[in-house]
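Architecture and fold: a report
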Amino acid sequence: MPEHLGADEQKRLATRAIPALLLAGYEVNCTPDVFEEATYRQAVHDIRARAARPAAQPPAPADSPSRPAPSRRTP
């Protein structure tokens, strides 16, 4: 954790990182004196809310106008 942060902010930051690390497949060990239950629950809620929202996607490119088939002329 960045040293310029206070102890409480370091705890919040560490706790908020846990759900993302777990989702990424990491094993997380955290001492109880650092873990904040309410912060953890909020972080899980935030991750679920982001996952529920569809990602903004750029609009699909417009189909190129199809050329009319050349007319057949018979001699």
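I will try to describe carefully the structure that is included in this document. Keep in mind the model is a prediction, meaning the values are calculated, not measured. Counting restarts for each chain, with residues numbered from 1 along the sequence as it is written. The predicted origin of the model limits local features to residues at a pLDDT of at least 70 and limits the giving and counting of side-chain atom pairs to 80 or more, whereas totals for whole chains, interfaces and linings rest on all residues. Each side-chain value is derived from all of the structure's non-hydrogen atoms; neither hydrogens nor water enter the calculation.

1. Considerations on helix H2 (residues 37-52)
Over its 16 residues, H2 runs 23 Å from end to end, which matches the ideal 22 Å to within 8%, given 1.5 Å per residue. In this description, contact between two residues means that some pair of their heavy atoms is separated by no more than 4.5 Å. Only DSSP runs of H or I with at least four residues qualify as helices, and only runs of E with at least two residues qualify as strands; both kinds are numbered from the N terminus onward. For H2, the secondary structure elements touched by its buried residues are helix H1 (7-23). Here the expected span of a helix is defined as 1.5 Å times the quantity of residues minus one.

2. A short note on H1
Taking 1.5 Å per residue as the helical rise, H1 with its 17 residues ought to reach 24 Å, and the 25 Å between its terminal C-alpha atoms agrees with that figure. Given a residue, its bend is the angle between the two axes fitted to the seven residues that end at it and to the seven that start from it. The axis of H1 is deflected most strongly, by about 25°, at Ala17, and proline Pro19 appears within four residues downstream. Only protein chains enter the accessibility calculation, which uses a 1.4 Å probe. A residue is then buried if its area is under 20% of the maximum for its type, exposed if over 50%, and partly exposed in between. Residues of H1 that are buried include every one of Ala14, Thr15, Ile18 and Pro19, and no others. For H1, the secondary structure elements touched by its buried residues are H2. Residue Gly25 follows H1 closely and has a positive phi angle near 95°.

3. What to know about the packing of H1 against H2
For helices, the axis comes from a line fit to the C-alpha atoms of the stretch in contact; other axes are also lines fit to C-alpha atoms, and the angle between any two N-to-C directions lies between 0 and 180 degrees. The geometry of H1 relative to H2 is characterised by a closest axis approach of 8 Å and an angle of 45° between their N-to-C directions. When the axes of H1 and H2 are compared, the pair comes out oblique. Crossing of H1 against H2: the hand is right-handed. Between H1, through Arg12, Thr15, Arg16, Ile18, Pro19, Ala20, Leu22 and Leu23, and H2, the contact on the second element is made entirely by Thr39, Tyr40, Gln42, Ala43, Val44, Asp46 and Ile47. Basically, the charged four are Asp, Glu, Lys and Arg, the nonpolar ten are Ala, Val, Leu, Ile, Met, Phe, Trp, Tyr, Cys and Pro, and anything else, Gly included, counts as polar. Split by residue class, the contact of H1 with H2 holds nine nonpolar, three polar and three charged. Just so you know how the angles are binned, under 35 degrees is roughly parallel, over 145 roughly antiparallel, 65 to 115 roughly perpendicular, and the rest oblique. Note on convention: the crossing is left-handed when the near helix lies turned anticlockwise from the far helix by less than a right angle, right-handed when the turn is clockwise.

4. Regarding the pattern of salt bridges
What counts as a salt bridge is simple: a side-chain nitrogen of Lys or Arg found within 4 Å of a carboxyl oxygen of Asp or Glu. By the definition in use, this model includes three salt bridges. Where Arg12 meets Glu9, a salt bridge forms, and the shortest distance between an N and an O atom there is 3.0 Å. Taken as a pair, Arg12 and Glu9 lie in helix H1 at a separation of three residues, close to a single helical turn. Where Arg41 meets Glu37, a salt bridge forms, and the shortest distance between an N and an O atom there is 3.0 Å. You can see Arg41 and its partner Glu37 sitting in helix H2, four residues apart, about one turn around the helix. Of the residues examined, Glu37 reaches a relative accessible area of 38% and is grouped as partly exposed.

5. Notes on the side chain of Thr39
Its place among the elements puts Thr39 in helix H2. Among the residues examined, Thr39 registers a relative accessible area of 14% and is labelled buried. The contact partners of Thr39, leaving out residues within four places of it in the chain, are Arg12, Thr15 and Arg16.

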